[in-house]
Amino acid sequence: MSSNILPPTFADIISTVEFNHTGELLATGDKGGRVVIFQQEIENKNLPQFRSEYNVYSTFQSHEPEFDYLKSLEIEEKINKIRWLPQKNAAQFLLSTNDKTIKLWKISERDKRPEGYNLKEEDGRYKDPNTITSLRVPVLIPMDLMVEASPRRVFANAHTYHINSISVNSDDETYLSADDLRINLWHLEITDRSFNIVDIKPANMEELTEVITAAEFHPHQCNTFVYSSSKGTLRLCDMRASALCDKHSKLFEEPEDPSNRSFFSEIISSISDVKFSHNGRYMMTRDYLSVKIWDLNMENRPVETYQVHEYLRSKLCSLYENDCIFDKFECCWNGNDSVVMTGSYNNFFRMFDRGQRRDVTLEASRENSKPMQVLKPRKVCAGGKRKKDEISVDSLDFNKKILHTAWHPQDNIIAVATTNNLYIFQDKVN
Amino acid sequence: MEVNVEARRILAVSISKLYASRTQRGGLRLHRSLLLSMVMRSARDIYHSSRETEGQTSEEPMETSSKEGCDSEITEDKENMSPTKQSRKRRGKASAAPDFLPSKRARLEPGEERYAAPMGSWRFDPPPTHIAHQGADLHQRSRDRGITGTMVQALRSI
């Protein structure tokens, strides 16, 4: 894969990365509440030696820090998730959310401006009416492209707990938002109310045993959504069955391997991300050590399991002490669902080719990523004699983690976020 | 025995993480707190079951019988075996934090012999029945609830 790295124009930690439906736009959110959108340069796309370049298209402050006076709690401005709406007209729309509030942003281009007003000068001052002797129609003349982002809707005050997911429905009218204990269904046009469709809060909080960790709508069936739990289970729900979907239609769960039991079994089985495949037949989950592919028609075990960094299983105690065991890794499918990708430590990310049963570890770092340079596969030495070019587990840098990755919906272009840098890689073209 | 030591260490690390998370920006994270409580429960269960195993091989001082608890063969955890220690437990509703917590005030009770724990060791006072929580009323909790029940009560205030 060849790469081009974008200059670090933002210092803050990237917290989410998302391509839009055509892949032309790539949005990132960061801990400072900002959204930065990159646009693919498409002028030479049809040339055989085309190399994608993504340039900054728009930057705006989506969320600001807030204070909940009732609970004396600060509400972080960090953007947890961004989801694009399918494009319907010239403007682009996206949803961005922090812990408590979801916002719908309209991103529109302005490349013309009107000139030749009758009553105003060019600088906006009003003319003296006595000097006006003729009537003319203002004309639109080209100007430098200006991209404007404006908040169109604010969906607030519906979540007691921290929002972890948003997902736009295939009906293009509704979307869901999920926090630790509840999932709400919204209409994109209506901000003052939402429907609660899942509520797993126990009557007595002392009986709490699991929380919701991620939720997503099915890509084609507008009545179906899935949510994952901290216990490693997936629940598929059908909104036609009842208004409150506390009872699942299907429960996907794999029995725990008793030989792997440890103090930290619960933590590492907690699902950090769930994604439907593009064709809607599979779901992918990410827990701390593995990626699992589930067939919607088989509930008792995943159809495929890929170990991301099994060598960390013997290090769980240290990872607990340095908090890394709580890291929430995301995962993504490629356009035709043949390859899945997820991040790891030391700025490594992993790809698993489902058809060819191959996997590769790559690294996103400045030293290894000169433009047009092909990425070299990396290998971690789990134990025993370390070969040349291998890295031992003990020399991995656990501060360099790749939590957020995204794959272009059609092409082999990926976006990989390290702590505060964004890397874009594409398939080598000969 | 190693498992026992490991369990105590994990319990101590967990509790300090729990306390640290209270001051985190954005408030207590329910998911993280739940996972911490599960680790603490596992560690506590393992610690208790290993203590019971030890107790079966020696006179168990936690029994309410009045016989002398100290087996001369057991030299470690001497303080936990001492009958005077038993009488210090469950002193009504006094806000007594478990000993492995960073204590906020001096706890030297008059009239009792007490020696300073060596650096690096944790005095584990089973069962840990309550943790002081912002001046809220403390209840005597059943042995099964222990840390987890109290921690979730702290979560309930979210």
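Reading the values: rules and limits
Residues numbered from 1 in each chain as written. Chains lettered and ligands numbered in written order. Predicted model: local features only at pLDDT ≥ 70, side-chain atom pairs only at ≥ 80, totals over all residues. Heavy atoms only, no water. Core = buried A, V, L, I, M, F, W, Y, C linked by side-chain atoms within 4.5 Å. Buried < 20%, exposed > 50% of the residue type's maximum accessible area, 1.4 Å probe, protein only. Helix = DSSP H or I, 4+ residues; strand = E, 2+ residues; numbered from the N terminus. Contact = heavy atoms within 4.5 Å. Phe/Tyr/Trp six-rings, centres within 6.5 Å; stacked < 30°, edge-to-face > 60°. Lys NZ or Arg CZ within 6 Å of the ring centre and 35° of its normal.

Trainee: What am I meant to see in the nonpolar core here?
Mentor: Proteins that are soluble and globular tend to have nonpolar side chains buried together. Phe264, Tyr288, Leu312, Tyr320 and Ile325 of chain A are the most contacted members of the largest nonpolar core, which has 36 residues in total. At the level of secondary structure, the elements contributing two or more residues to this core comprise helix H1 (265-269) and helix H2 (316-321) of chain A together with helix H1 (2-22) and helix H2 (30-57) of chain B. Residues within four places of Tyr288 of chain A in sequence aside, it is in contact with Ile268, Ser270, His309, Leu312, Leu316, Leu319, Cys324, Ile325, Asp327, Phe329 and Tyr345 of chain A. Among the nonpolar cores identified, the runner-up in size contains 14 residues, and Cys332, Phe349, Met351 and Val416 of chain A belong to it.

Trainee: What exactly am I supposed to notice about the packing of aromatic side chains here?
Mentor: The way to describe two aromatic rings as a pair is by their centre distance and the angle between their planes. Across all of its chains, the model carries 18 aromatic pairs over all chains by this definition. Relative to Trp294 of chain A, the ring of Phe252 of chain A lies with its centre 6.1 Å away and its plane at 80°, an arrangement referred to as edge-to-face. Of this pair, Phe252 of chain A sits in strand E19 (residues 250-252) while Trp294 of chain A sits in strand E22 (residues 290-295), placing them 42 residues apart in sequence. A residue is classified by how much of its surface remains accessible, and Phe252 of chain A, at 0% relative accessible area, is buried. The interplanar angle of 10° and the centroid separation of 6.0 Å between the aromatic rings of Tyr423 of chain A and Phe425 of chain A together place this pair among those described as stacked. Judged by relative accessible area, Tyr423 of chain A falls into the buried class, the value being 2%. Ring-pair connections join several aromatic residues into one group, and the members of that group are Phe263, Phe264, Tyr320 and Phe326 of chain A. A cation over an aromatic ring shows up here: Lys17 of chain B above the ring of Tyr320 of chain A, its NZ or CZ 5.5 Å from the ring centre. The ring of Phe326 of chain A has Arg32 of chain B lying over it, and the distance from NZ or CZ to the ring centre is 4.6 Å.

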